[in-house]
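# Structural features, examined
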2 protein chains.
Amino acid sequence: MKKKISEMESQFKEHRLTPQRRLVLEIFLENKERHLSAEEVFQLSREKGEEIGLATIYRTLELLEALGLLRKMNFGDGRSRYELVQLDLTEHHHHHHLVCLSCSRIFEVEEDFLHQLEEIIEQKHHFSIVNHNLQFFGYCKYCRQDV
Amino acid sequence: MKKKISEMESQFKEHRLTPQRRLVLEIFLENKERHLSAEEVFQLSREKGEEIGLATIYRTLELLEALGLLRKMNFGDGRSRYELVQLDLTEHHHHHHLVCLSCSRIFEVEEDFLHQLEEIIEQKHHFSIVNHNLQFFGYCKYCRQDV
DNA sequence: TTCCGTGCAAATAATTTGCATCGAT
DNA sequence: ATCGATGCAAATTATTTGCACGGAA
């Protein structure tokens, strides 16, 4: 864990890696599978017994996104959520999300199936793609009532 | 236009098609290519010289979505946007969106490329998909500086 | 000392809700 | 008379901002 954070320190050229910023990063590293909102980060920090202001969390999330360490997402629940950018994957690799309409859990599809599609779209629409967002909404294996 | 709305009336079984609701529908029919926020619908109705409360618009958008006439979308600009569901397309046909990071315009990709992909994912993840959302972020043909 | 970062509280912005009233059945 | 729909204002929720303080370079 510490190792991971120190690896990330190199990203903090102009910005200080303060205890608060480190705390937020830690929380994401300890919750890799989750997509946390500012409020949830706030709760998790309280559970760790750490003091941090909510405004600081918002500012930190914004900074970490700008540094490319977090990715801002929106799953339609009225608040922004962030996920850790997996540094070990190639820059253009993005996974997709399965959002359960019943339990709200979010599952990940590791493969990125959109390379070819992006090429087609770039040519056809003269649109230069830098990112994409693919979400599937439905019912997860725990919530499906069928069979 | 009137014809289109009367076709939609059949959807209003339990709900009255009031002047306000008709107005909101009209605005979407007159702006098929746009993805309107509640506030924008409010502005457009004022431009038409019609009186309608913003709260009513929010409630109407919610209703029209529940009736399957509008689709709620989120493009990451901090407000929900709605688009008209094209009734003449097959139920499972969804288009995709190109969101320009420079001018914020939204372009549509008419084709739905995700059928096969959905089948693969449904099997692999035991997830029953009922909807999806695919957005590409980048620079549109008007904003690209290259060449 | 000079900045940057933080916390708190106030300000914004989007959306929702309570409630009295209006209008169609 | 009843019940759904509306408008307004107040309430909520998420997020941002102003500002004084504190600590590191």
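Bear in mind the structure is a predicted one, so any value in this text is a computation, not a measurement.

Here we come to the relation of the copies chain B and chain A. Aligned on chain A, chain B shows an RMSD of 0.1 Å; the corresponding rotation is 179° and the shift along the axis is 0.0 Å. Those values place the two copies in the arrangement expected of a two-fold rotation axis. Within chain B, Leu-134 of chain B has its C-alpha nearest the rotation axis, a separation of 2.2 Å. Both copies contact each other with a shared surface, as 100% of the interface residues of chain B are interface residues in chain A too.

Residues and elements named next belong to chain B. Here three strands make up an open sheet; going across it, the order is 1-3-2 and the pairing antiparallel. Each of the sheet's edge strands pairs with one partner strand only, and the pair in question is strand 1 (36-37) and strand 2 (70-74). Of the strand pairs in this sheet, strand 2 and strand 3 (residues 80-84) are connected by five bridges, and their pairing is antiparallel. Within strand 3, the residue paired with Asn-74 across the bridge is Ser-80. Sheet contacts for helix 2 (residues 19-29): strand 1, strand 2 and strand 3; angle to strand 3, the most-contacted strand, approximately 75°.

All names here are of chain A. Taken domain by domain, chain A holds domain 1 (2-84) and domain 2 (96-146). Here the C-alpha centroids of domain 1 and domain 2 sit 24 Å apart. Taken together, the contact between domain 1 and domain 2 spans five residues of the former and seven residues of the latter. In total, domain 1 and domain 2 occlude about 530 Å² of area from one another, counting both sides; carbon and sulfur atoms represent 57% of this. Per-residue buried area on domain 1 facing domain 2 is highest for His-35, Met-73 and Phe-75; these three make up 71% of the total on that side. For the interface between domain 1 and domain 2, the tally reads zero salt bridges. Inspection of the domain 1/domain 2 interface yields four residue pairs in polar contact (both at pLDDT 80 or more). Split into classes, the residues belonging to the side of domain 1 that touches domain 2 amount to two nonpolar, two polar and one charged.

Cut-off values and rules
- Residues numbered from 1 in each chain as written.
- Chains lettered and ligands numbered in written order.
- Predicted model: local features only at pLDDT ≥ 70, side-chain atom pairs only at ≥ 80, totals over all residues.
- Heavy atoms only, no water.
- Least-squares fit on C-alpha atoms with pLDDT ≥ 70 in both.
- Contact = heavy atoms within 4.5 Å.
- Pairing = 2+ DSSP bridges.
- Helix = DSSP H or I, 4+ residues; strand = E, 2+ residues; numbered from the N terminus.
- Axes fitted to C-alpha atoms, helices over the stretch in contact; angles between N-to-C directions.
- Domains from an automatic or database assignment.
- Buried area = accessible area lost by both parts, 1.4 Å probe.
- Salt bridge = Lys/Arg side-chain N within 4 Å of Asp/Glu carboxyl O.
- Polar contact = N/O pair within 3.5 Å; in protein donor to acceptor, adjacent residues only side chain to side chain.
- Nonpolar A, V, L, I, M, F, W, Y, C, P; charged D, E, K, R; others polar.

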